[in-house]
Every structure is written in structure tokens, then in C-alpha cells.
Amino acid sequence: MRYEAVIGLETHVELATKSKIFCSCGGHSAKGEPNTRVCPACAGMPGMLPVTNKRVVELAMRAGLLLNCQISRYTTFDKKSYYYPDLPCSYQITQWFHPICREGSVEVTTKDGARTIGIKQIHMEEDAGKLVHDDWTETTLVDFNRTSVPLIEIVSKPDFRTADEVMAYLEKLKTMFRFANISECEEGAMRCDVNISIRPEGSEELGVRTEIKNMSSLSSIRRAIQYETARHLDAVERGTETLVQETRRWDDVKGRTFSMRNKETAADYRYFPDPNLMPILIGDDWLRRVKDEMPASVEEKTAEYQSKGLSAKEIASLTAERVLCDLFDALISSGREPKEAASWILTECGGILRKHGQVMGELDIAPEKLSRIMEKVSGNEINRAAGRKVLEAVLYEGADPDEYCEAHDLSAQGDADAVRQVVLKVLDNTPAAVRDYLGGKKKAFQALFGGCMKELKGNGDPQVIRALLEEELAKRS
Amino acid sequence: MGQFVTEIRPGGAIAVDDTIQVKGYETKAGSRILEGFQPLFGAEAVERLEKAGYEIAGKTAVGEFGLDLLGEFSHSGATLGASGGLRGAAAELAAAGTVKGALCADLNGAPRRAAALSGVGFVKPTYGTVSRYGLIPCACSGEQIGVMAKSAGDMRGLLEAVAGHDPKDGTSLPTESYDYADGKAVSEMRVGVVKELTDAASDGARAKVQAQADALRGLGVAVGEVSLPLADAARTAWNILLCAETCNNLSRYDGVKFGYRSPDYRNIDELYVNSRTEGFNFLTKAVILYGSDVLSKGRYFACYDKALKVRRLVWEQSKALFENYDALLCPACGKTEYQPYDIKEAFGAVFAESFYTAIPNLTGFPSVVCGGVQLIGDALQDGRLLNLAEALEGGAAK
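Now for a description of the structure that goes with this document. Predicted model only: the values in this text are computed from it and were never measured.

With that out of the way, let us pick up the interface of chain A and chain B. Taken together, the contact pairs 31 residues of chain A with 41 residues of chain B. Between chain A and chain B we count zero salt bridges in total. In this structure, the connection of chain A to chain B is made through twelve residue pairs in polar contact (both at pLDDT 80 or more). Every element with two or more residues in the side of chain A that touches chain B is listed here: strand 4 (78-81) and strand 15 (272-273) of chain A. Each residue belonging to the side of chain A that touches chain B can be placed in one class, and the counts come to 22 nonpolar, five polar and four charged.

This part takes up helix 10 (residues 384-397) of chain A. All names here are of chain A. The terminal C-alpha atoms of helix 10, which comprises 14 residues, lie 19 Å apart, in line with the 20 Å expected from a rise of 1.5 Å per residue. The complete set of buried residues in helix 10 reads Ala385, Ala386, Gly387, Val390, Leu391, Ala393, Val394 and Leu395. Lining the buried residues of helix 10 we find helix 8 (338-355), helix 9 (367-378) and helix 11 (401-408). Positive phi shows up at Gly398, right after helix 10, with a value of about 65 degrees.

This brings us to the pattern of salt bridges. Pairs may arise between side chains of opposite charge once their charged atoms sit close together. Evaluated as defined, the whole model comprises 68 salt bridges over all chains. The salt bridge partner of Glu246(A) is Arg248(A), with a shortest N-O separation of 2.5 Å. The pair Glu246(A) / Arg248(A) is uniform in exposure class, with both members buried. Between Glu316(B) and Arg312(B) there is a salt bridge, and its shortest N-O distance comes to 3.3 Å. Here Glu316(B) pairs with Arg312(B), and both are found in helix 10 (residues 304-322), just four residues apart, close to one helical turn.

Further remarks concern the packing of helix 9 of chain A against helix 10 of chain A. Residues and elements named next belong to chain A. Where helix 9 contacts helix 10, the two axes come as close as 9 Å, and the packing angle between them is 165 degrees. By the criterion of interaxial angle, the relationship of helix 9 to helix 10 is roughly antiparallel. Relative to helix 10, the crossing made by helix 9 is right-handed. Taking contact as the criterion, the partners of Lys369, Leu370, Ile373 and Val377 in helix 9 are, on helix 10, Arg384, Gly387, Val390, Leu391 and Val394. When grouped by side-chain class, the residues that make up the contact of helix 9 with helix 10 number six nonpolar, one polar and two charged.

A separate point is helix 1 (residues 54-66) of chain A. Residues that lie three or four places apart on an α-helix share one face, since the helix turns once every 3.6 residues. Residue and element names in this part refer to chain A. Under the 1.5 Å per step criterion, the end-to-end length of helix 1 is 19 Å for 13 residues, consistent within 8% with the ideal 18 Å. With eleven of 13 residues buried, helix 1 is to be regarded as a mostly interior element. Among all positions in helix 1, only Val56, Val57, Glu58, Leu59, Ala60, Met61, Arg62, Ala63, Gly64, Leu65 and Leu66 are buried. Of the residues that open helix 1, the one with a side-chain oxygen 3.0 Å from the backbone nitrogen of Arg55 is Asn53. Just beyond helix 1, the residue with positive phi is Asn68, at close to 55 degrees.

All names here are of chain B. Counted by the stated rule, this structure contains 24 aromatic pairs over all chains. Note on Trp315 and Phe365: the rings are 6.4 Å apart at their centroids and 15 degrees apart in plane angle, and the pair reads as stacked. Highlighted residues: Trp315 in helix 10 and Phe365 in the loop between helix 11 (346-363) and strand 11 (367-370), separated in sequence by 50 residues. On the basis of relative accessibility, which here comes to 29%, the residue Trp315 falls in the partly exposed class.

This part takes up unusual backbone geometry. Phi at Arg270(A) takes a positive value of approximately 45 degrees, unusual for a residue other than glycine. Looking at the secondary structure, you find Arg270(A) in the loop between strand 14 (256-259) and strand 15. On the accessibility criterion, Arg270(A) (19% relative accessible area) is buried. The residue Ala29(B) is not glycine, and still its phi comes out positive at about 50 degrees. Tracing the sequence through the fold places Ala29(B) in the loop between strand 1 (14-17) and helix 1 (44-51).

With that settled, consider the sheet that holds strand 6 (residues 101-110) of chain A. Residues and elements named next belong to chain A. Judged by pairing direction, the sheet is mixed, and its nine strands sit side by side in the order 2-6-7-10-1-11-12-13-14 without closing on themselves. The strands lining the two open edges of the sheet, one partner per strand, are strand 2 (70-71) and strand 14. With two bridges connecting them, strand 2 and strand 6 associate as antiparallel partners. What sits directly across from Ile71, in strand 6, is Cys101. Across the face of the sheet, helix 1 comes into contact with strand 2, strand 6, strand 7 (113-126) and strand 10 (150-156) while running at roughly 165 degrees to strand 7.

About the criteria used
Residues numbered from 1 in each chain as written. Chains lettered and ligands numbered in written order. Predicted model: local features only at pLDDT ≥ 70, side-chain atom pairs only at ≥ 80, totals over all residues. Heavy atoms only, no water. Contact = heavy atoms within 4.5 Å. Salt bridge = Lys/Arg side-chain N within 4 Å of Asp/Glu carboxyl O. Polar contact = N/O pair within 3.5 Å; in protein donor to acceptor, adjacent residues only side chain to side chain. Helix = DSSP H or I, 4+ residues; strand = E, 2+ residues; numbered from the N terminus. Nonpolar A, V, L, I, M, F, W, Y, C, P; charged D, E, K, R; others polar. Expected span 1.5 Å × (residues − 1). Buried < 20%, exposed > 50% of the residue type's maximum accessible area, 1.4 Å probe, protein only. Axes fitted to C-alpha atoms, helices over the stretch in contact; angles between N-to-C directions. Parallel < 35°, antiparallel > 145°, perpendicular 65-115°, else oblique. Left-handed = near helix turned anticlockwise from the far one by under 90°. Phe/Tyr/Trp six-rings, centres within 6.5 Å; stacked < 30°, edge-to-face > 60°. Pairing = 2+ DSSP bridges.

In C-alpha cells, the structure reads:
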């Protein structure tokens, strides 16, 4: 008999907000020394009251719109009670009765084609802290930086059949959310619980379901799904064990799942509406504003850049990261040429970042500064190589383009007269090469060109050097 | 004489009950579980009082988390009147003139009861008018910080100082400040005596209501009898909500970060269980158990959810009465004297007494205690209730 896997996902995504969900502490769980991004409110001190961060609601609405969900017009926060040392109040504020989004869908594409995955709901909630176990002292330490960092949990329907589909879905969410500034989706900012069961192909009934909790890397998720599917198959087909509905933990080192204490699945979380947080009413105006403020999608940006004459490769590279698109758009609105702008971002900035071991997504430059450098080069104030040097100083020393050029006398190197002096010097010093060239050995040109570049310490503009060399050689023929 | 948790600073100063945080003062809400707890910030209401020029006299004892009748089961000790009966600490101090007034949290009527017994006034303001920021939370959906003072005039002054929008409290109403001077003349007002609440009270408590009803008639107020058939359901509903919310809010006292920690534990579960077992008194534990039960999976819709619906119905039934009446008159407590009793009976005793006090907590309507009785008004009609209280004071002086 052939079996198929039935997989559902609960995906937690950390939202890219400046502050936490119910207080004004900085968001962004990854930042800061332990317990430095915490206040009396998110530490659960008595007397503090939660006040909803409106931005969280808007980003959740934005995620819902991207996933074709119905946006609830009435949504509430509820309290979920359980004791755990990383949970300061012993309750978590989440959404249980009236989640903000319901009934959506997203299309995922794998090598086997496109399939639609249903979204059951999206709800907002606060994250818990982090427990760090110190094996040396055998103590467990708590870091509250992450408590109350805003999350959305996207609950899919059990529509996945393969690990590939799950991967494609998560990649798609990641791209969409990063591009729409919903989440930075960095390491650990996207965590999944996976529900798995198997059934004979074509059957409508569901088998015994197990849940694998809290995985954050894509490769772990893939391996866990493959392992767990195989375990279920063995159990059903060969009777290796009796499956029970339970929560399991993935061990990435051992490459297998383990049953967690069953206590957890039996917990009664005693949900009830949080009386400190008034129900949120989402009216037409607010919903329209959130729709209007939705950043353009990858598809829209691609069409826009095509019309500006960029190549498919350039478009793909720019649209891989929201920051690159924002930078490109800023350069265009300050009057730079599209092709040039793309080239400066992708080739020049990209090259420098690579040299420093960084990736494109980490590019952080004020558009005015890059625009100024481009202006200086296109106006022949400095040559492109010098421009690259300025760019590196701007990126890694926080330099100002104008001040840097003046301080380093880079402007002179763009000056054709100065280059001409170098060309003449090289021609005078290497008469053999000049003779060869004039005698028809065109290869000798490279030696002369190289000589000039060496004299200019690599700062010469190749086009200028080439033009001057040809001009001066012609005079000597 | 009422108990100060801290040293008294005499003068025209204001006492603050121990469920309200004052910076620099240990705040333990009458409970061992918060022993040694130094708040990181002061309550908004306290800060506002200080800004308005009032001096804080110190903190007064409350029953553990303000859950009992009159502070009889406080970790700081009970307060007894001259007759040996139970009294509220803040109310006794206000009655003796040791303090000009007090800020007290009202989550189940304790300060209203105390004011009635000590012969002072107390106003439990409309929900959302006084910030709960800095109040040790129990029953968030109905608890409010109120003002205790001998005279209606002092209550009005103190309430004006503390009321007003606070962005730190998500349930705070948007009005920046309140003027509690009400234009309506007492002689044009109508007051309804609530039959169910008055009939159930002891002879003494009923006599007080009748005396004040007569006094109001003497002032030209039209006094009639009204019926609130849902009064008993209101008590049950508030009891469910109070226990559920308190159970949840008290879950933060786990012995991990602050307050009392049992010295006796081998693992995290024992740390939780032993700290809470030793830190809470019997009444609090009963509230936690009851609250935990009404929120449990099988009981939520039959208990908690139904209580929310009853809240709405009680609100509607009261609102209908406010169409015709400026205030409802009823006892603030069922008896005129309470003797110390065993804590094992506390849960039942509190449930019985909350019959008289539950409606303002459940619905958010304001309530003013004066002359030993209670006046309940429509939302934001705190000023009108204070007018009536003032008139009664004047009438009594004559």
C-alpha cells in the first residue's frame, strides 16, 4: 500500500517592531546582553499593565493580507496560563478566542508543481524568555530580553504532503515577510511546530498525529519531517512500535525525535480574555490604510525595474533584499541613472561587502552618500576606482564622500593632466615596448597600460588611461 | 486604631493601602508571598496625589490581596474597633482624624464595608477614571482605586487629584481630568432603594438605609423602591470573575524572581508549590482553586463565559433603572458589626457579603458610601453621588 504524509505547520515569526508588544522596551530579541532589554512590565512585576503596540496589530494585518486571509474586524487578546521559569507572569498573552486573521491560502511551488496550502489562522502573541543551561555549574539561567517580543503565529491547515512543500512554504514566507518589512526572519526569528501523521494514499481519514516542537533551522525541519514520516511508516507497516498522539523533540545531533514528557500535552491552559486589553476594532479606514502602506511585492518591483531597463539578473539580485530595493529607489529619486545605480549597488557595494565577509542584506549606507559618490564619478571629479575607495571608507569608516576626497587628494587622480604625465613617463621609461607596439605588436599595449596602472597605484580610470595612451602613442608613430 | 504597615507621618496627610505601590515603601498587599517587596515605581494615583501637594502618611494594612471582608486575614495583622469588632485600618485612621484621607483599592467591597462601619465616606469611582497602574493586580476587570475621607468635599478634592487619563493603563478612559461638581440640585433628584439588597440585610443595616432614605426625602429627593432581580446573579458572576482573574494574576508569585521563596525545595516544581503553599493564606488559596476551576476546559463556558454574559445583563438592568433614578440606595454591608472568625469560613463569608458590593465592581458603575449606606450611580455620575453624600452630611448636621 502507498502512504502519504499529512503535515501541518505552526510557524512563529518575530515581528520587526521597534518596541515590544505591550511595553516600550526595544524589540528584536537577538540584540543586547542578557537581561538588558527588559522593564518592570515585561518582567511581570505586579502593578504594570500591558498596553498594545499598534504596530504589532498592523504588521499582523499586513501578514494576513499577504496570505489572502480574512482580517477580523473584532479581535481580542487572551491569557494562557502555565508555569515555566522563562515566563515571568506564569501566563502568556496570546489570541485564543478571536484571532486577527482567518482562512487564508498561499501557493507553494516545488519540482512537482504548484499546490495551494490553506491557512487556518494567524494570531498575535508575546514571546517568552530564554533558558540557558550552564552545564559547568549545573544551573539554569533566565534571559528575559525575549519576553514580550511580538510574534505572529501562522497556523496552516494540514495540507502539506512532503518535506519539499514545507521547505518551499517556509522559504516563501521568509521572502514575503522580509520584503514586506514584517519580520527580519533572521536565525531564530522563525520557529516551527510540525504536526505529522500518515495515511493510505487517497484515504480521507487521519492517522495518529505527533507534534515536533520548536525548530528554527530549515535543515532541521526537513530532517525531522523525513525522520518522523519514516518512523510512522515503520510503525504502521512493520509494527515497530505503537504510535501515540504526543509532543516530540527533534535532536539535531542524534538525528531523531524523542518523546517529551506527556505532562505538557495534558496541560489545561485556562484561556480567558485579558481584561486589561480592550478588544481591538478594525474599521474600514484602518484596514485601508494598512493596505495602502503595504510595501510593493517582489512581483510589482520586478515589473517596475523591467520598465527601467534593468536586466533579469540585476532585478533578481535587487529584489532579493528589501534594503537593496529601498536604496535603489532612493538613488533613482535623487536623479541617478538606473543602470548605474544597479551597478553601484550590486557590483561596487557587493564587492566591498564580500571582501569584508558580509552579505548583500547587510548593506547599510545612506542613499545620499552613495548618490554623491556616483555624482563625483560621473562628473569626472574622481575616477571609478577612487570612487570605490571612497565607498569603502563610507561603508566601514562612516566617512563623508566630499571630506574623504579632499583629505586624500583623490580628486587629482581623476585629472587627465596628471594621468597624462604618468603616461608620458611610462612611454619614456619603456622604449622597447613602445617600439614593439609601433612595430605592430599590439600586445605590447597591455604592458604599457599595466605600467601606467602601477604608477597610479591602481587608482587610474582604465578608459582615461587607454585613451591617453592611444593618443600619445599615435603622436610617436 | 487602624494599623499602619509603616511609620505614621501625622498631619493632613494621606494613607495608602498596602495593595497600592508607593516608591520607597515595602508593598506586600497583606501577604507573606510579597514579604520584602520594594516596588520599582509608584502607583499613578499616588504620584498624582503628591503632584497635587498631598503628603503620603504611610501604608495601611489590608487583608491578603484585599480579598477578605475587613483586613482580618492580613499578614500585617487585623484591625479591631473599640468594641472588639473588625474594622478597616484606613477607615479607622480616617475616622480618628489621624489622616485626612486614604487611597484604597476596591476589588470586592472591603473599603466600602470598612467606611460604612467606621462612619467615614468612600468613593469607588467609575471604572477607567482612576489609573490602576501600580495597583497590585487581582480582579483587573472590576477593581478600582478609590478615595476614603470623612467628608464628601474631601472625597471630591482627592478624587479630582487622582482621576484622569493615564496612557500606562489600557483601560483608562480618554478624559484628561474630571470635575466632580455636579450641577443637578438634590431636590430634583430621584433615588431608588434597591429592594433585594435592602431586604436581605440585618435589621441594623436595613434601619440605616431607611434612616438615610428618610433624610433624603427631607432634602426634597424623590425616594422610591426599585427592584434589581439580577442582584444575586451579579454576586455570583462577580465572584467567578474575581476568582478567575485573581487566580491568573497571582500566578506571577512563583518564588522565582521576588517575594517569598520557600527554603525547602529540591526542584523547580517544589519551589513553586512550596513557596505558594507557605506564602498564601487559606482564603487566597480557596480563591485560586475556585478561579482555576471556573477557567478549566470543561467549565469555562458554563462558568466564566456565562459570568461575562451576566455582567452585561446586570449592566443593562441597572442602566434601565438609571433612566429614572439618579442613584440607587442600598446597604454597604449586610451587618453593623463583624466579629473575628476562623479563616476556614472566610470564602463563604466573603461570598455572602459581596452580595451588597458586587454590582459596582461587576458593572464599573460608581459607588459612594456615606452615613453607613451605599449609593450607586450611572457611569461617570460620581459627582452626582457626591452631591447626595454632601447633602446627607448637611442634613445630619442639622
